[in-house]
Amino acid sequence: MSFAAVLSIIVSMVFVNNFVLSKFLGLCPFLGVSKQTKIAAGMGIAVIFVMTLSTALTWLVYRFLLIPFNLMYLRTITFILVIATFVQFVEMVIAKKSPLIQRALGIYLPLITTNCAVLGVTVLNINSFFVNGRPVYASFMLSLLQSFFAGVGFALALILMSGIRERLELNNTPKSLRGIPVAFIIASLMSLAFMGFKGFVF
Amino acid sequence: MVIKNNKNKEGLLREFSKGIFRQNPIFVSVLGLCPALAVTTSLENALGMGVAVSFVLVFSNSIISSMRNILPNKIRIPCFIVVIASFVTIVELLMAAFAPLLAKQLGIFVPLIVVNCIIMGRAEAFASRNSVLTSLFDGLGMGLGFTLAISCVALIRQVLGRCGILVMLLPPGALLTLGFLMGGLNLMKKEK
């Protein structure tokens, strides 16, 4: 795992192939919880956490359960169940152990199960770090890295968007564009700006 | 379940047609946006996606509705997920076998039908409370509404893209098209 490979994954996941702005994964929370920066930051952290840990779980399940029994076609159904169970479990543990984190992240966790960015990143990891059903060199670490920074990219886009939308509240938007339509137009301009990072791929 | 009289038939028709206009999943309920934006680079992709989603929606709606009385309330969501994921796997395998090119074009968005909010939303809000036949028609209508909406976005993007406005085929174009389409629909609704 060379330094250049690591750096290229980081830059690609956070900027060039940003999950929200260029791959359109996780748009529902992107529009739904981007009205206030504080809430957006909470959601961002929750997504990073769930993405990284569910990647670890799904990688292990795929490598040691699905491949040996030749059940690769059950990937989708297994992964969504693993993610849903995991999120439920985390919710229960947090509720029992740490009321502080519960207050900060509690309301976002149920939303994350149906966040397509989480399932998306686990499937993407399998697609990019397994060749013909065999893990590539350092596959597990690369998967973790990729999903962590995919989460960071998601959080970045969410927080930027919430900052813009907070200011937009004070502006005089045409009536028919208020709310979701103008949010799409802003997202489009942000996506255009992020396209400027395209030259970064190395 | 037999359609007994005319009134019943009208009810079914209403369930069917509400998904197309009044409660259109994309433009009105704003659900299931991720595939709507990602696969609308061409009309063929959009139609393929629409058919796949409609297939899953119709079958998951009818199966969930037929199980609605035996599912314990507390674990209904995981049960919905299993039913939906099974049909998505079927679609995935069918598509890989009979339309490999389309499967390659849609890529990661085929397995992601599982987390499409429309399907989960209809299961929770409609199929778990209504009879099998009405749920089936609801699924058909919603699927058709979804297909029409994303085909509309795809058509605009493809035509403008081929006319030389290349950015329409890139990610920003998708967001821009959907934003202005929704704005336009709001404007039309207000004038009525």
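Figured I'd write up the structure that's included with this text.

**Re the pattern of salt bridges**
Residues and elements named next belong to chain B. The tally for this structure, following the rule as stated, stands at 5 salt bridges over all chains. Put simply, Glu15 and Lys18 hold a salt bridge, and the shortest N to O gap is 2.6 Å. Of this pair, Glu15 and Lys18 both sit in helix α1 (residues 6–18), 3 residues apart, which is roughly one turn of that helix. Judged by relative accessible area, which is 7%, Lys18 ranks as buried. Lys18 serves as the salt-bridge partner of Asp138, at 2.7 Å between the closest nitrogen and oxygen. Placement of the pair is Asp138 in helix α7 (residues 132–162) and Lys18 in helix α1, with a sequence separation of 120 residues. Assigned by exposure class, Asp138 and Lys18 land together as buried. A single network of salt bridges, built from pairs that share partners, joins Glu15, Lys18, Arg122 and Asp138.

**Let's talk about the interface of chain A and chain B**
Listed per partner, the contact involves 35 residues of chain A and 35 residues of chain B. Of the roughly 3000 Å² buried at the junction of chain A and chain B (both faces included), carbon and sulfur atoms supply 83%. Here chain A and chain B share 1 salt bridge between them. A salt bridge links Glu92 of chain B to Arg75 of chain A, with the nearest nitrogen and oxygen atoms 3.1 Å apart. Run the count over chain A and chain B and you get 4 residue pairs in polar contact (both at pLDDT 80 or more). Of all the secondary structure elements, the ones that give two or more residues to the side of chain A that touches chain B are α2 (27–32), α4 (75–97), α7 (116–129) and α9 (180–194) of chain A. Counting residues per element, the side of chain A that touches chain B draws most heavily on α9 of chain A, which supplies 8 residues.

Reading the values: rules and limits
- Residues numbered from 1 in each chain as written.
- Chains lettered and ligands numbered in written order.
- Predicted model: local features only at pLDDT ≥ 70, side-chain atom pairs only at ≥ 80, totals over all residues.
- Heavy atoms only, no water.
- Salt bridge = Lys/Arg side-chain N within 4 Å of Asp/Glu carboxyl O.
- Helix = DSSP H or I, 4+ residues; strand = E, 2+ residues; numbered from the N terminus.
- Buried < 20%, exposed > 50% of the residue type's maximum accessible area, 1.4 Å probe, protein only.
- Contact = heavy atoms within 4.5 Å.
- Buried area = accessible area lost by both parts, 1.4 Å probe.
- Polar contact = N/O pair within 3.5 Å; in protein donor to acceptor, adjacent residues only side chain to side chain.

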